Amino acid sequence: MASKTTTTNAPKRIAHAPSLQSATLKRPVIPTEFGAKVPTNIRQRYLNLFIDECLKICSSQQEAFDKALSEEKVAYERSTSRNIYLNVAVNTLKKLRSLLPSPSQGANKPNNRKVVSHEAMLGGKLATKISFSLNRSTSLQAEDLTGAALYRRLKEYMMTEEQLKENGYPMPCPEKPGRAVLFTAEEKKTAESSCRVCCRCGTEYMVTPAGNCVRKEECVHHWGRLRKQRVPGGWETHYSCCSGVVGSPGCQVAKQHVHDGRKENLTGFVKTFEKLPSAEGYPGIYALDCEMCYTKQGLELTRVTVINSDLKVVYDTFVKPDRKVVDYNTRFSGVTEADLEDVTITLRDVQAVLLNMFSADTVLIGHSLESDLFALQLLHGTVVDTSVVFPHRLGLPYKRALRTLMADYLKRIIQDSVEGHDSSEDARACMELMIWKIKEDAKVKR
């Protein structure tokens, strides 16, 4: 009997060959750069994080890679050091994550289910008619840090007389009113000396009695600070401006040499004085910052900004220097020749305003405030200095930059403009740092 079963030849299974479109693109790699301001492995790590976020919001891998590379490049170019880069990168990562659509943005489908409150679920019908309160531990709220309450808190951070002397603040001379004295060890030459030392490049140069340079000579210098960087086998010191090592030729050329000069002539100072208590019940709290330019005599005031405890500008003006300007110092001051063109306000006008605004008990907040007080020729002892509140780990004469403090503690980038510093931004940063510090210290004390 013939079998009724039949056999069929099934086609062979062929493995799927991925097309070019479905193949996974290779992730971009940051090229290694010797002596870079930010280590390559850190840049690569954040680039990969950027790619992960961009893949969630971009329509293609290539688009995600391009967007991530662009974001990383911007972060790198905005940064002058590893710490600044880390803060910029973290902010960029937050920005990319905020672009993701939240689950609540989905289509709201109508449903007929009855909404039951959390209280009703836990306690039944009576729970909705009963109020509950939590006994929280007393914490320092934002509204507490205003006025007299903030003034009392700041007393803990005021500099002592010994600290004022140690940090080179101008102190009143008991024998001669209107004259300041310094208690730091360094000796300053008299203003009449014809030989000066350039405060940028360290070169000695000669000047006439009028303050003009005897010989025209360019000033080749590094405008950045010295930074220590770990390398295989130890540490190397580089300039932050160009990563040049100590002793390397300067990366910036100026028309002539300049000097500081503020601590050479200690006459013409005014002192804040005692006043009757104000209507607010406290003598006032202000943050202050000044900008300066180089004149024939040295550094002179060109702008002053005063911020109150509400972070609002209460006084901001350009100031006409007493002597001829030789370098506007725009990279750091942000002040240009055009800014001072029609200015008629002098240092004496500014002193009159500040003496009316401040009393001897007014708290002045600033970063290395002795520099500003020298520029203002102002004697004041009720001071909170953020460079002292947030000291450098190596101690004096080292001080942490205000930009670094803002990046480390408040996760914000300041002094990022190519047009120079902004005195209102710096003064506001000092006030915000102290409010943050008070809140953080209050947490520890609880």
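Small disclaimer: the values here were computed from a predicted structure and weren't measured.

So, how was this worked out
Residues numbered from 1 in each chain as written. Predicted model: local features only at pLDDT ≥ 70, side-chain atom pairs only at ≥ 80, totals over all residues. Heavy atoms only, no water. Helix = DSSP H or I, 4+ residues; strand = E, 2+ residues; numbered from the N terminus. Buried < 20%, exposed > 50% of the residue type's maximum accessible area, 1.4 Å probe, protein only. Contact = heavy atoms within 4.5 Å. Areas by Shrake-Rupley, 256 points an atom, 1.4 Å probe, with all protein chains shown as cover. Phe/Tyr/Trp six-rings, centres within 6.5 Å; stacked < 30°, edge-to-face > 60°. Lys NZ or Arg CZ within 6 Å of the ring centre and 35° of its normal. 1 Å grid on protein atoms, 1.4 Å probe; cavity = no way out; pocket = protein on both sides within 12 Å on 5 of 7 lines; lining within 4 Å. Points joined across faces, edges and corners; volume = space filled by probe spheres on them. Nonpolar A, V, L, I, M, F, W, Y, C, P; charged D, E, K, R; others polar. Axes fitted to C-alpha atoms, helices over the stretch in contact; angles between N-to-C directions. Left-handed = near helix turned anticlockwise from the far one by under 90°. Expected span 1.5 Å × (residues − 1). Core = buried A, V, L, I, M, F, W, Y, C linked by side-chain atoms within 4.5 Å. Arc of directions from axis to C-beta. Polar contact = N/O pair within 3.5 Å; in protein donor to acceptor, adjacent residues only side chain to side chain. Pairing = 2+ DSSP bridges.

Chemist: Looking at this structure, I do not really get the overall build of the chain. What am I missing?
Modeler: In terms of helices and strands, the chain carries 12 helices and 16 strands. Counting over 446 residues, the chain shows a buried share of 38%. Summarising the internal contacts of the chain: among those between residues at least 6 apart in sequence, 63% fall at separations of at least 24. When the accessible surface of the chain is summed, it comes to about 27,600 Å², and 52% of that surface belongs to carbon and sulfur atoms.

Chemist: Honestly, the packing of aromatic side chains in this entry has me stumped. Any pointers?
Modeler: When we look at a pair of aromatic rings, we describe it by the centre distance and by the angle of the planes. A full pass over the atoms with the stated rule returns eight aromatic pairs. Looking at Arg 200, its charged tip hangs above the ring of Tyr 294, at a distance of 5.5 Å from the centre.

Chemist: Help me understand empty space enclosed by the protein, please; the structure alone is not making it clear to me.
Modeler: Over the atoms rolls a probe the size of a water molecule, and in doing so it shows where empty space is left. Under the definition given, this model contains two cavities of 30 Å³ or more. Of the volumes computed, that of the largest cavity is approximately 60 Å³. Lining the largest cavity are Arg 196, Tyr 205, Val 207, Gly 211, Cys 213, Gln 256, His 257, Val 258, His 259, Thr 295, Lys 296 and Val 326. Looking at the lining of the largest cavity, its residues break down into five nonpolar, five polar and two charged.

Chemist: Which parts of the structure should I look at to understand the packing of helix α2 (residues 61-78) against helix α3 (residues 82-98)?
Modeler: Between two packed helices, what matters for the description is the angle formed by their axes and the separation of those axes. One way to put it is that α2 packs onto α3 with a least axis distance of 8 Å and a crossing angle of 145°. Seen along the crossing, α2 lies across α3 with a hand that is right-handed. Where α2 abuts α3, its residues Lys 67, Glu 71, Glu 72, Ala 75, Tyr 76 and Arg 78 lie against Ile 84, Tyr 85, Val 88, Thr 92, Lys 95 and Leu 96.

Chemist: Can you help me understand α2 in this one?
Modeler: Because an α-helix completes one turn every 3.6 residues, residues spaced three or four positions apart along the sequence face the same direction. With 18 residues, α2 ought to run about 26 Å at 1.5 Å a step, and its terminal C-alpha atoms sit 26 Å apart, in line with that. Elements in contact with the buried residues of α2: α1 (40-57) and α3.

Chemist: How should I be thinking about the environment of Asp 289 in this particular structure?
Modeler: Inspection of the secondary structure assignment puts Asp 289 in strand β10 (residues 285-295). Each C-alpha atom, one on Asp 289 and one on Gly 366, is 6.5 Å from the other, the two residues being 77 residues apart in sequence. Contact partners of Asp 289, with chain neighbours within four places excluded, come to Arg 303, Val 304, Thr 305, Asp 372, Ser 423, Asp 426 and Ala 427.

Chemist: Where do I start with the nonpolar core in this structure?
Modeler: Across soluble globular proteins, you tend to see nonpolar side chains buried next to one another. Of all hydrophobic cores here, the largest spans 28 residues; its most connected members are Leu 301, Val 304, Val 350 and Leu 376. Put simply, the parts of the chain that give this core at least two residues each are β10, β11 (299-308), α8 (347-357) and α9 (369-376). The leading source of residues in this core is β10, at five residues. Dropping the residues within four chain positions of it, Val 304 is found in contact with Asp 289, Cys 290, Tyr 315, Asp 316, Thr 317, Val 319, Val 350 and Leu 376.

Chemist: Teacher, can you tell me more about helix α5 (residues 147-154) here?
Modeler: For α5, the full list of buried residues reads Gly 147, Leu 150, Tyr 151 and Leu 154. Each buried residue of α5 sits inside an arc of 105° when the element is viewed along its axis, so together they form one side.

Chemist: Hey, could you run me through the side chain of Asp 372 in this one?
Modeler: Locating Asp 372 in the fold gives a position in helix α9. Side-chain polar atoms of Asp 372 contact the backbone nitrogen of Cys 290, separated by 3.0 Å. Filtering out sequence-adjacent residues up to four positions away, Asp 372 remains in contact with Leu 288, Asp 289, Cys 290, Met 292 and His 367.

Chemist: Where do I start with the pairing of β11 in this structure?
Modeler: A regular strand carries its side chains on alternate faces of the sheet. Burial runs high along β11: 10 of the 10 residues are buried. Relative to β11, β10 is paired through nine bridges, and the arrangement is antiparallel. Directly across from Met 292, in β11, lies its bridge partner Leu 301. Taken together, β10 and the strand that follows it, β11, pair antiparallel across an intervening segment of three residues, in which Gly 298 is found at a positive phi of about 145°.

Chemist: Mind showing me how you'd approach the pairing of strand β12 (residues 313-318) here?
Modeler: Bridge count for β11 against β12 is five bridges, and the pairing is antiparallel. The partner of Val 304 across the bridge, within β12, is Thr 317. Between β11 and β12, which pair antiparallel in sequence order, lie four residues; one of them, Leu 311, sits at a positive phi of approximately 65°.

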